[in-house]
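# Summary of the model geometry
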Amino acid sequence: MLTSGGDAPGMNACIRSIVLTAAAHQIEVVGFSHGFNGLIEGDYKKLLPYHVQHIIHLGGTLLKSARCPAMHTEEGAKAAAITLRQMQLDALLVIGGDGSFKGALAIAQHYKGQILGLPGTIDNDVDGTDATIGYATAIDTALDAIDKIRDTADAFERIFLVELMGRHSGFIALSAGIASGAEQIICPELGVLKPGELDAVIRPIQNAQVVKGKSSYIIVMAEHCYPGGSTALAADITKAIGIECRACVLGHIQRGGSPVGADRILATKLGAYAVEQLLGGAHLMMAGEVNHQACLYPLQASGEHKKRIDPYLLRWQQQVAND
Ligand code: F6P
């Protein structure tokens, strides 16, 4: 197995579950280091239950993670498959997100063993599972930070623009924005904003108490929604309304930290389920959870099928922001 792409809290819990479940079925497990790089370079170690003791509560990943540009080439996929064949491995488990599954699918062209994916990313942008491993923790981390920003924003009666991660989806922004009571949420699902066309953002601020120097105002924004990011948008808002708007980019803090209970449980369930499904012959599938049931879903790099953020909450937020 390997962990690939952006690390996510709960990856360690998933590694642990895979190793423990495999041991219970007398299956040997090796873990490759630094994502697909370790697979290409043959950098691995055998994993036994004692290696995964007391890691369920740790963020990051025991196996390390990385992006792997080589996997964007046919040669990279072939090299990865050669390692799998030479080591006579029967199956490959990939814990990661969209890009990682793309790598797994490329390897499948050159490898006859079974391949399964496990959804591990804070972004939650993976079809076939209600939540990805790491998403719940990322929401709570962002929420904790926004609550703190609210304290200082209230004290100064200021406008803050908080930029959250999510790659190209608004799951974290919408969830943390709703849970923190943010006055506005900007996410890619609403379209990319253009400089000079900021009416939809500015109007609600002008109608709010903050322009009279009363109360605070927080805008939660997903990354990649404005050219130049939140710093540029905060400067443009400041110029447009004549009141200072401060930007705060939370960044990689959202990827770290001890996984919340929901992520530990999801990771444990999916890790165990993936091993059991391998034994049942599953191949080119992802182990996900829908309506509390573990289930298999065809392994894919989402592309057009991208999971949608909650339209109900998004609509509600827009309604109250403009009231
Ligand atoms: O996919 C997880 C994620 O944290 C995204 O939310 C973010 O856009 C990206 O990874 C950042 O990647 P990197 O750490 O490689 O800059």
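Residues numbered from 1 in each chain as written. Predicted model: local features only at pLDDT ≥ 70, side-chain atom pairs only at ≥ 80, totals over all residues.

The chain has the name 6-phosphofructokinase in an unreviewed UniProt entry, where Alkalimonas amylolytica is given as its organism. The heading Pathway (unreviewed entry) in the UniProt record of the chain holds the text "Carbohydrate degradation; glycolysis; D-glyceraldehyde 3-phosphate and glycerone phosphate from D-glucose: step 3/4." Its UniProt record gives the chain a comment under Catalytic activity (unreviewed entry), which states: "beta-D-fructose 6-phosphate + ATP = beta-D-fructose 1,6-bisphosphate + ADP + H(+)". (UniProt positions renumbered as here; feature names shortened; annotations may be inferred.)

## Considerations on the domain arrangement of the chain
Under the domain assignment used here, the chain contains domain 1 (2–134 + 259–303) and domain 2 (136–255). Each partner contributes residues to the interface: domain 1 has 15 residues there, and domain 2 has 12 residues. (Domains from an automatic or database assignment. Contact = placed C-beta atoms within 7 Å.)

## Some points on the sheet that holds strand 6 (residues 159–164)
Reading across the sheet, the four strands line up as 7-8-6-9 and stay open at both edges, with parallel pairing between neighbours. At either end of the open sheet lies a strand with only one pairing partner, and these are strand 7 (184–186) and strand 9 (245–249). The sheet shows a mean angle of 20 degrees between the axes of neighbouring strands, direction not considered. Of the pairings in the sheet, the one linking strand 6 to strand 9 comprises five bridges and is parallel in character. Opposite F160, over in strand 9, you have R246 as the bridge partner. (Pairing = 2+ DSSP bridges. Helix = DSSP H or I, 4+ residues; strand = E, 2+ residues; numbered from the N terminus. Axes fitted to C-alpha atoms, helices over the stretch in contact; angles between N-to-C directions.)

## Re the packing of helix 7 (residues 199–206) against helix 8 (residues 229–241)
At a closest axis distance of 11 Å, the pairing of helix 7 and helix 8 adopts a crossing angle of 55 degrees. As judged from the angle between their axes, helix 7 and helix 8 are oblique. Of the two possible hands of crossing, helix 7 and helix 8 adopt the one that is right-handed. Mapping the contact onto sequence places V201, I202, I205 and Q206 in helix 7 and I237, A240 and I241 in helix 8. Here the contact of helix 7 with helix 8 is composed, by residue class, of six nonpolar, one polar and no charged. (Parallel < 35°, antiparallel > 145°, perpendicular 65-115°, else oblique. Left-handed = near helix turned anticlockwise from the far one by under 90°. Nonpolar A, V, L, I, M, F, W, Y, C, P; charged D, E, K, R; others polar.)

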